[in-house]
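# Coordinate inspection notes
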Amino acid sequence: MSTEVTKNSSGPRGMARRTLTGLNPALESVLAGVVGLLIGALLMWIWGYDPWKAYMAMFRGAYGDSYGLASSAARGVPLILTALTFSICVRAGMFNIGAEGQLYMGALAAVTVGYFTLPSGLHVIAGIIFAMLAGAVWSLVPAILKLTRGVSEVISTIMFNWIARFLAFYMVAFILVDPARGEKTISIPMNARFPILVRGTDLSYSLFAAILFAIVIYFVLWHTTIGYEVRASGLNPAAARYGGIKSKRTMLLSFILGGLAAGLAGATVVMGNPPTYAVISGLPQLMNVGFDGMAVAMVGRNHPIGIIIAALFFGGLTAGGRVMQFYGSNPVPLEMVRIVMGAIVLAMSIPELFRMFPAIKRQGTKLCGLLRRLTHRASSEEGSA
Amino acid sequence: MTETEHVSSNDSALDYYLRAEGITKVYSNGTVALKEADLEIHRGEIIGLLGENGAGKTTLTKILSGLLPPTKGRVISPRGPVRFGSPREALDFGIGMVYQHFALVGTFTAAENVALSHEHPFSTVQLASTKERLERLMKESGLHVPLDVPVEKLAVGEQQRVEVLKVLSRDVDLLILDEPTSVLTPLEVDELFVLLRRLREAGKSIILITHKLKEVGSITDRVVVLRHGEMVGDLTTADATTEQLARLMVGKMIDTAARAVELTEEGLPHRESARVEEMKSGPIILHVENLTTHGNTGEIAVEDLSFDVHAGEIFGVAGVEGNGQTELVESLTGLRVPASGVATINGTNILGKDPREIYRLGVAHIPEDRWELGLVLPFTLAENAILGVQRWEEFRGPMSFLRWGKINQHVRELMERFDIQATGPGAPAKSLSGGNQQKLIVGRELAKNPDIIVAAQPTRGLDIGSAQYIRDLLVEMRNNDRAILLVSADLDEVLALSDRIAIMYEGRFMTIASPADLDRETIGLLMGGVTVKEGV
């Protein structure tokens, strides 16, 4: 243990630290997850629940059998996409909080496509495209406001989330409503549904759509000129300008890509989510999927591949959390489940949060340095950085 | 504690306000900013602190105002040695500084700004009493600013007065002003000087940091000249001539031949002879005519400049920083849109074009600020090596895919050719030393195979070896018939490398001449804004 840390701190002095502790990012995430689990365990123990039994129930619910695995993955699918919305914009140097609203728009668009009749393959594709476009269009207004008038995207996207929410309430209740059952919209016809991937579960082929999109984003960001320009202007706008990069264009592009992702997330919820294949009034399936995506983005370190893993993990927490509530000898109330999930996600988000906010990071590295010095004081004085 | 006794025994020598003794400042990166500086400050005098960039003026005043601790030496007052842990402690003692960049909250009024500077974090703001006090203070000092208008609505000169007022309201005895006139109009300068004289009559001491020789003559009682961290002169203004000050500021008088030898000994390129032999005038690459550009705050930064840079020539722009060099470079490289004028590269207009188009026309730009402009620090070497050329066919394949294979190969070549020490193309740029970072930038720019290289402060902050290497590269490019526009605050560098030199002062070229025709005194005068009547 101590040799490993020494090896780490004895590296080149100016070596760039990509992570908070200087460890490998994946290892750091796992460590952070363990810390989160321990905090959750402590909280449960204080309030008289058996943490071990609770975690066993959670694990079994999330990854214990094929049903658990499938429902974990199904919860993760839209999260992959809403996390991408946030991450693409972070890479471009912006905080796009608008995934939530763009997701609603995507879902509504997908329902609308349900009114048409099209051949089976084409109908799914039409639904996807229409939903993605709806998400992108919804993201366009905040983007244009930012580029032309300098309106902060944080404020405008939050406002647009509210507009989208009440617009969706209205549309679900009055326009897209199922004439037979007033509490939901019409259901998507068979033709336009994502086929179920694992029989008897709610996991559909939408999983592949989400993963494919994440991979495309990865290639765009790291293997094309456009992605290079997006990342350059996100990291150093002045240098990007020097490099002949038009930052307005990269901002617009990342907003549109983000909107496409969120719109697709809306489509996966409506078109790949049995049994209703519809939007239920009050939007229970959609609510907070956009916001949770931001947490997923943090856990996944704003990297498309990290996001896929983080989203599946997050889906596992949601699926396992449900089992935790009803586990025979040790039922943990929903509120406590939420607290435990919050502790885990927060702990895992911290490294990326620190990276994104240099001011917080400085304090964090100071703290890490202090801790490291304290642990090393016994062995040697020189080991401290 | 024991010092107090010692000092009180010789009360007779207490005619000074503050004395700095043997102040040495070595920064953590090894730069010696100040060597054994002594300064005695008396009550009721205005001291001009004169020097080029990097002479140590700012370091000295930062030490006096508690912003920096000295490495060696001490500051003593008649009551004993003093040591300031922070600017607040210095203010409590009676020393206040007005910086070039104001620290004002734009939407607050003058009164609110002053109140803000007074209050401790958890006390309530006493706006009414602050205003009352300020009005009294304004009556006493003759300094007037509107108290109830948001300061962002005030002119720059008025904002500066708010800053002065802020410091005065703390009952300071020593007021330090850092280049106070650089942002002011001539009329505002006059007003400021009237104010300073009045403060002097009230017994305050004032230190004025400046590089303008005229100002020194018109306002100060004493001039202290710094050069490369050393105090090279402490004169009564009445006894000093402008020529004398200019000479002190830029260094000893040496004739051109001697200079060449001296610089070669310092390790600068052995090219004095090469220049004389090859001195040829190639075709005009860069043509600039009546260029006028505004600065960030809307002032005129570059005024009606006209010049040409030929192939096979290094055209050096010398001068104290902040006289429009940055704005000139930015205008020519697409980072700033000039107000008016013409600029062409090989006959093609470049004004108003964006940097990418300008690079395409054969311009390479080594920017002044390598961390802010030249590099994306978290990016790898490979990613940084294509900044600005990311869309060139060599690096971009179909569907705008980056050719990482080719890019990495290109980086390895750059590392080899320009001696960049790094673990590989995948190393983040911020893991490199300053010299290697600059070599990466220079390498990237020279690899564009440009017709003209605009090099701004290309060796600033570098170790001697890297600086020398980069100077050699520039000379090599010149010998290969490239045009080079060299802008540097390092006068020795400009003198050693340039075929022609322009001295820039307040947005204009004071002269364009061959370095052989300029002696240091003339250069010093021109840099200080004094026009020389006849040629040497």
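The rules we used
- Residues numbered from 1 in each chain as written.
- Chains lettered and ligands numbered in written order.
- Predicted model: local features only at pLDDT ≥ 70, side-chain atom pairs only at ≥ 80, totals over all residues.
- Pairing = 2+ DSSP bridges.
- Helix = DSSP H or I, 4+ residues; strand = E, 2+ residues; numbered from the N terminus.
- pLDDT = per-residue confidence, 0-100.
- Contact = placed C-beta atoms within 7 Å.
- Axes fitted to C-alpha atoms, helices over the stretch in contact; angles between N-to-C directions.
- Nonpolar A, V, L, I, M, F, W, Y, C, P; charged D, E, K, R; others polar.
- Core = buried A, V, L, I, M, F, W, Y, C linked by C-beta atoms within 7 Å.
- Buried ≥ 20, exposed ≤ 12 C-beta atoms within 10 Å, placed from the backbone.
- Domains from an automatic or database assignment.

On to the pairing of strand E1 (residues 18-26) of chain B. The side chains of a regular strand alternate, residue by residue, between the two faces of the sheet. By the bridge criterion, 6 bridges tie E1(B) to strand E2 (residues 32-41) of chain B in an arrangement that is antiparallel. Bridge assignment links B:Val26 to a residue of E2(B), and that residue is B:Val32.

What follows is about the confidence of the model for chain B. All names here are of chain B. Averaged over all residues, the pLDDT of chain B is 84; the fraction at 70 or higher stands at 90%. Note that pLDDT drops below 50 for residues 1-13; the model gives that stretch 7 contacts with residues more than four away or on any other chain. Ignoring residues within four places in sequence, the model shows residues 253-277, a span with pLDDT below 50, making 25 contacts including any to other chains. Of the two predicted TM-score estimates for the complex, the pTM is 0.77 and the ipTM is 0.82.

A few words on the confidence of the model for chain A. Chain-level statistics for chain A give a pLDDT mean of 87 and a share of 90% at 70 or above. Under a pLDDT of 50 for its full length, residues 1-17 of chain A has, in the predicted model, 16 contacts with residues more than four places off or in other chains.

So, on to the sheet that holds strand E10 (residues 230-236) of chain B. All names here are of chain B. Pairing within the open sheet is mixed, and its 6 strands lie in the order E6-E7-E8-E3-E9-E10. Strands at the two margins of the open sheet, each flanked by one partner only, are strand E6 (95-98) and E10. Across the sheet, the mean angle from the axis of one strand to that of its neighbour is 20°, orientation sign disregarded. Here strand E3 (residues 46-50) runs beside strand E8 (residues 205-210); their pairing, made up of 5 bridges, is parallel. Its bridge partner lying in E8, Gly48 is registered against Leu208. Sheet strands in contact with helix H7 (residues 186-201) are E3, strand E7 (174-178) and E8, and its direction is about 150° off that of E8. Packing against the sheet, helix H9 (residues 242-250) makes contact with E3, strand E9 (222-227) and E10, and its axis sits at approximately 30° to E9.

What follows concerns the interface of chain A and chain B. Contact with chain A, which involves 19 residues of that partner, is made by 26 residues of chain B. Listed by contribution, the elements that provide at least two residues to the side of chain A that touches chain B are helix H9 (225-235) and helix H10 (237-242) of chain A. When residues in the side of chain A that touches chain B are grouped by element, the largest group, 6 residues, is from H9(A). Residues of the side of chain A that touches chain B, tallied by class, amount to 10 nonpolar, 7 polar and 2 charged.

What follows is about the sheet that holds strand E4 (residues 72-77) of chain B. Residue and element names in this part refer to chain B. Read across the open sheet, the 4 strands follow the order E2-E1-E4-E5; overall the sheet is antiparallel. Unpaired on one side and paired on the other, E2 and strand E5 (80-82) mark the two borders of the sheet. Each adjacent strand pair in this sheet contributes to an overall mean axis angle of 25°, direction not counted. Sheet strands touched by helix H2 (residues 57-64): E1, E2 and E4. Its angle to E1, the strand with the most contacts, is close to 120°.

Residues and elements named next belong to chain B. Relative to the elements of secondary structure, Phe395 occurs in the loop between helix H15 (381-385) and helix H16 (404-417). Considering only alpha carbons, one finds Phe395 and Asn408, 13 residues apart in sequence, at a separation of 9.9 Å. Excluding residues within four positions of it along the chain, Phe395 makes contact with Ile386, Val389, Gln390, Leu402, Arg403, Lys406 and Ile407.

Moving on, we get to the nonpolar core. By size, the foremost hydrophobic cluster in this structure holds 157 residues, and its most contacted members are B:Ile452, B:Val454, B:Ile484, B:Leu486 and B:Ile503. Take this core: its biggest share by element is 6 residues, from helix H18 (residues 464-479) of chain B. Lining this core are residues from two domains, each supplying at least three of them: domain 1 (2-244) and domain 2 (256-373 + 451-527) of chain B. A:Ala92, A:Val111, A:Ile217 and A:Val345 belong to the second largest nonpolar core, which has 102 residues in total.

Let's shift gears to unusual backbone geometry. Cis geometry marks the peptide bond from A:Pro274 to A:Pro275; its omega dihedral reads 5°. The phi angle at B:Asp304 is positive, at roughly 55°, despite the residue not being glycine. If you trace the backbone, B:Asp304 turns up in strand E12 (residues 300-310). B:Asp304 sits in the partly exposed class, given 14 other C-beta atoms within 10 Å.

This brings us to the domain arrangement of chain B. Residues and elements named next belong to chain B. Partitioning chain B into domains gives domain 1 (2-244) and domain 2 (256-373 + 451-527). With 8 residues of domain 1 at the contact, the number on the domain 2 side is 8 residues. Residue composition of the side of domain 1 that touches domain 2, grouped by class: 2 nonpolar, 4 polar and 2 charged.

All names here are of chain B. Within E9, 5 of the 6 residues are buried, leaving the element largely enclosed by the surrounding structure. Direction of pairing for E3 relative to E9: parallel, over a ladder of 4 bridges. Opposite Ile47, over in E9, you have Arg222 as the bridge partner. With 6 bridges joining them, E9 and E10 adopt antiparallel strand pairing. Bridge assignment links Val224 to a residue of E10, and that residue is Asp234. What sits between the antiparallel neighbours E9 and E10 is a turn of 2 residues, in which His228 has the positive phi angle 50°.

Given 3.6 residues per turn, any residue in an α-helix points the same way as the ones three and four places further on. Residue and element names in this part refer to chain B. The buried fraction of H2 amounts to 8 of the 8 residues, a majority that puts the element mostly inside the structure. What H2 keeps buried is the set Lys57, Thr58, Thr59, Leu60, Thr61, Lys62, Ile63 and Leu64. Among the residues trailing H2, Gly66 stands out with phi positive, at a value near 85°.

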